[in-house]
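What follows is each chain in one-letter form.
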Amino acid sequence: MRKLMKVRGGVGDLTQPDLSARPQDNLYLAVNSKWQKDAVIPADRTEIGVNTEIDMRIEKRMIDDLDSMLKNKSDRPRLANLDKGLQLYQLAKDFDRRNSEGAKPIQDDLQKFLALKNFDEFNDLKNVTTEEILSGPFSLPMSFDVEADMKNTKVNVLEFAGPNTFLPDTTSYQQEDAEKLLAILKKQTVNLLVMAGLEENEANSYVDNGLAFDRKLAKVVKSTEEWADYPASYNPYSLADFENKFKSLKIKQYLEKVLPVLPDKIIVLEPRFLDHVEELINPDNFDEIKGWMLMNFINGNASLLSQAFREAAFPFTQALSGQGELTSADRHAYYIANASFSEIFGIYYGQKYLGEDAKADVTDMIHSMIKVYEDRIKENSWLSAETKKKAIVKLNALVLKIGYSEKAEKIYDLLQVDPNKSLYENEREFGKVVVKYNLDKLTQPVDRNVWLMPGNMNNACYDPQRNDITFPAGILQKPFYDLHQSRGTNYGGIGATIAHEISHAFDNNGAKFDEFGNMKNWWTKEDFAEFDKRTQAAINIYDGLNYGLSKLNGKQVVSENIADLGGLTCAIQANKSEGGDMKELFENYARSWAQKQRPEAIKTEIATDVHAPQPTRVNIPAQCQDEFYEAYDVKESDGMWLAPNKRVTIW
């Protein structure tokens, strides 16, 4: 008899195949080991798995279709602004032109930036256009955005935050390899600046200053764990109190130049950064600020230049991800065009590849899952009648967005592609339009019809401020979903995903928003105390879990894990009600999360993602389901056994 060392998540290392694994000991390895043993990560990718394979399928379809449309105009459907996306794709593909241009496209902006001599010039916006402030080398080490007010989602509000750090997360600076990674970034950036025309000693000086400023930022901006607490981002400041935090920077002049009106209040997403903003942005730090901005500028735009610049900007990405080769030119061109015309491409993809029968079937599954959720709330043993009633009101107010948007946002009418200008210049103009479009929303009502994801994306999401769930056409394919798969198989795939997104309305973040998306307490004090207790159990069961050489941070991934637990529970109940095979459900659930990653990618993902790595999302949710034990006759001596009092149940 095998002696099993029981751990959370079953017996075995999920990164290594085990062809002898049984579902009773490790569901993930039992289902996926044969695939895992033979799977090969493509040289130009960081991972391979079910989701990657779907992404690759979508990309191939889109690239083939775009190429066909470029060759033959008769292949183009009548879709507003699709021609613009095709023009940008063609520009991005034209490496003969890009290679001949070299660094020329960025020279005007680069020289304007290099000409800044001191903080006074930096602070004097008279000779800088609004567009240059909004998008370009003069954008400050901070960000402004316009979003629905969390406490009144009918109106938009201005939000303020700090910038990103160079390493993936603030915690990355305490890791053993931090200095090695920063050295790679330094060498890469110096090389890029020399390629752009700077002397090597000059480039070194800029980069040293930029890295010094980055280290200061890393001490005050939020970590991924902190960002995971979404409601904690709501910190309203009066305009006067906000302005008083700045002594050296003429922040009011800046706001007057870029905003349509000055707001009465600003929502500060990062109060700690604001408290330190004066010690960061002042005349004494000008050289460091300039170096940091220059590093962002050259690294951020190298991919829009020649192939030589693309290759020169790859080492740091490679060090963080383990990716063996640079992304192919075709995929690179598609990514650029898709980034700017995502909703247009998504509508095209959805119209062509998502059939009406499939859309109707998925819609039916979503309504069934909502009914299951309602039944579970009604039968809940730890909620009061008062809280149950309000939860059901929120549940039934969910807005469903399935497949693709019927009407694209107006921003696409404003974007213009000029084939006589370089790829960089076109993207630069896009940036101006996009940022202005966003800030202009400050004087407009919230548009609740906006889709957060395009139709050609393999993903799904819940938006707490609109109380809507989105299922793009991209995810509605095997193994997650197929019209001809069994119900059990579909519930193990898209069914669990549907319930996962519904569960986000009631996770540790979503639970603090009402049916209109307003941050509002609709719980009784006793009910929320019990919810907090169960949330802590969801944190504890994942916290410190080993995956590769890294450990999971339970607080960082808790909202997604609550959604995974609730999603699988509800999918099981829906499958039961329709007489579906339970083993088919569990096996497709495990298959849907198959993934093989490079070690570097695992480390970066665990530092930056609010989701646990895909394989770790299989066993613990299964271990918490009584039906799993029944389906596989799991005994106390088996690796997947979890004592009933240790099983986490929230929804």
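Residues numbered from 1 in each chain as written. Predicted model: local features only at pLDDT ≥ 70, side-chain atom pairs only at ≥ 80, totals over all residues. Heavy atoms only, no water.

Draft legend 1. Fine view of the side chain of Asn380. Topologically, Asn380 is positioned in the loop between α20 (356-379) and α21 (385-396). Classification of Asn380 as buried rests on a relative accessible area of 11%. In terms of polar contacts, Asn380 uses its side chain to reach the backbone amide nitrogen of Trp382, at 2.7 Å. Excluding residues that lie within four positions of it along the chain, Asn380 makes contacts with Lys388, Ile650 and Trp651. (Helix = DSSP H or I, 4+ residues; strand = E, 2+ residues; numbered from the N terminus. Buried < 20%, exposed > 50% of the residue type's maximum accessible area, 1.4 Å probe, protein only. Polar contact = N/O pair within 3.5 Å; in protein donor to acceptor, adjacent residues only side chain to side chain. Contact = heavy atoms within 4.5 Å.)

Draft legend 2. Spotlight on the layout of surface pockets. The volume enclosed by the second largest pocket comes to roughly 1,100 Å³. Elements represented by at least two residues in the lining of the second largest pocket include exactly β2 (143-149), α18 (329-340), α19 (342-353), α22 (411-414) and α23 (423-440). Per element, the largest residue contribution to the lining of the second largest pocket is five residues, and it comes from α23. Taken together, the residues that form the lining of the second largest pocket break down as 18 nonpolar, seven polar and 10 charged. (1 Å grid on protein atoms, 1.4 Å probe; cavity = no way out; pocket = protein on both sides within 12 Å on 5 of 7 lines; lining within 4 Å. Points joined across faces, edges and corners; volume = space filled by probe spheres on them. Nonpolar A, V, L, I, M, F, W, Y, C, P; charged D, E, K, R; others polar.)

Draft legend 3. Broad picture of helix α3 (residues 82-93). Taking 1.5 Å per residue, 12 residues should reach 16 Å; α3 reaches 17 Å between its end C-alpha atoms and fits that length. Among the residues of α3, Leu82, Lys84, Gly85, Leu86, Leu88, Tyr89, Leu91 and Ala92 are the ones counted as buried. (Expected span 1.5 Å × (residues − 1).)

Draft legend 4. Main features of empty space enclosed by the protein. Evaluated as defined, the whole model comprises three cavities of 30 Å³ or more. By volume, the largest cavity amounts to about 70 Å³. Every residue along the wall of the largest cavity is listed here: Leu116, Glu121, Phe122, Leu125, Val128, Ile133, Phe138, Leu140 and Tyr254. If you add up the space inside the second largest cavity, you get close to 40 Å³. Every residue lining the second largest cavity is listed: Phe122, Asn123, Leu125, Leu140, Leu249, Lys250 and Tyr254. Grouping the constituent residues of the lining of the second largest cavity by class yields five nonpolar, one polar and one charged.

Draft legend 5. Looking closely at the environment of Arg215. By the secondary structure assignment, Arg215 is in helix α9 (residues 200-218). Among the residues examined, Arg215 registers a relative accessible area of 33% and is labelled partly exposed. Along the primary structure Arg215 and Pro23 are separated by 192 residues, whereas in three dimensions their C-alpha atoms are 47 Å apart. When neighbours within four sequence positions are excluded, Arg215 is seen to be in contact with Glu179 and Leu182.

Draft legend 6. Broad picture of the side chain of Thr535. On the secondary structure map, Thr535 appears in helix α25 (residues 525-542). Overall, the relative accessible area of 7% leaves Thr535 in the buried class. Setting aside chain neighbours within four positions, we find Thr535 in contact with Asn508, Val558, Ile562 and Ile650.

Draft legend 7. The pattern of salt bridges, seen in detail. In total, this model carries 39 salt bridges according to the counting rule given. Among the salt bridges present, the one from Lys265 reaches Asp149, with a minimum N-O distance of 2.9 Å. One end of the pair, Lys265, is in strand β5 (residues 265-268); the other, Asp149, is in strand β2, with 116 residues separating them in the sequence. Arg215 is the partner of Glu179 in a salt bridge, and the nearest nitrogen-oxygen pair spans 3.0 Å. Here the residue Glu179 occupies a position in helix α8 (residues 178-195), and Arg215 occupies one in helix α9, the gap between them amounting to 36 residues. The structure contains a network of salt bridges with shared partners spanning Asp44, Arg45, Glu59 and Arg331. (Salt bridge = Lys/Arg side-chain N within 4 Å of Asp/Glu carboxyl O.)

Draft legend 8. How the structure looks around the pairing of strand β8 (residues 468-472). For β8, the tally of buried residues reaches five of five residues, placing the bulk of the element in the interior. Burial along β8 is two-sided: the residues Asp468, Thr470 and Pro472 and Ile469 and Phe471 are all buried. Strand direction decides the pairing type here: strand β6 (residues 399-403) and β8, joined by five bridges, are parallel. The residue bridging Leu400 from the neighbouring strand is Ile469, located in β8. Connecting the antiparallel pair strand β7 (residues 461-463) and β8 is a turn made up of four residues, with Asn467 showing a positive phi of about 50°. (Pairing = 2+ DSSP bridges.)

Draft legend 9. Structural context of the nonpolar core. If you look at the biggest cluster of nonpolar residues, it comprises 189 residues, and the most contacted ones within it are Met142, Phe160, Phe242, Leu255, Phe586 and Trp651. A total of nine residues in this core trace back to one element, the largest contributor, which is α20. Once you skip the residues sitting within four places of it in the chain, Phe586 turns out to touch Leu27, Leu568, Ile572, Ala622, Gln625, Glu627, Phe628, Ala631 and Tyr632. In terms of nonpolar packing, the next biggest core, distinct from the first, is built from eight residues, Ala161, Leu269, Phe513 and Met519 among them. (Core = buried A, V, L, I, M, F, W, Y, C linked by side-chain atoms within 4.5 Å.)

Draft legend 10. The sheet that holds β7, seen in detail. Pairing is mixed in the open sheet, where three strands are placed in the order β6-β8-β7. Edge strands, defined here as strands with exactly one partner in the open sheet, are β6 and β7. Across the sheet, the mean angle separating the axes of adjacent strands is 15° when strand polarity is ignored. As defined by bridge partners, β7 adjoins β8 across three bridges and the pair is classed as antiparallel. Along β8, the bridge assignment pairs Asp463 with Asp468. Set on the sheet, α20 makes contact with β6 and β8; between it and β6 the angle comes to about 150°. (Axes fitted to C-alpha atoms, helices over the stretch in contact; angles between N-to-C directions.)

Draft legend 11. Region of interest: the UniProt feature "domain: Peptidase M13 C-terminal" (unreviewed entry) in the protein chain. Mapped onto this numbering, the UniProt entry annotates "domain: Peptidase M13 C-terminal" (unreviewed entry) at residues 459-648. Annotated as residues 459-648, this span is 48% helix and 8% strand, and its ends, taken at the C-alpha atoms, are 26 Å apart. (UniProt positions renumbered as here; feature names shortened; annotations may be inferred.)

Draft legend 12. Structural detail: helix α1 (residues 27-38). Within α1, the full set of buried residues consists of Leu27, Tyr28, Leu29, Asn32, Ser33 and Gln36. One side of α1 carries all its buried residues, which in axial view fall inside an arc of 150°. Those residues of α1 that are buried are in contact with α27 (582-592), β11 (595-597), α29 (616-623) and α30 (626-632). Capping of α1 at its N-terminal end is provided by Asn26; its side-chain oxygen lies 3.3 Å from the backbone amide nitrogen of Tyr28. (Arc of directions from axis to C-beta.)

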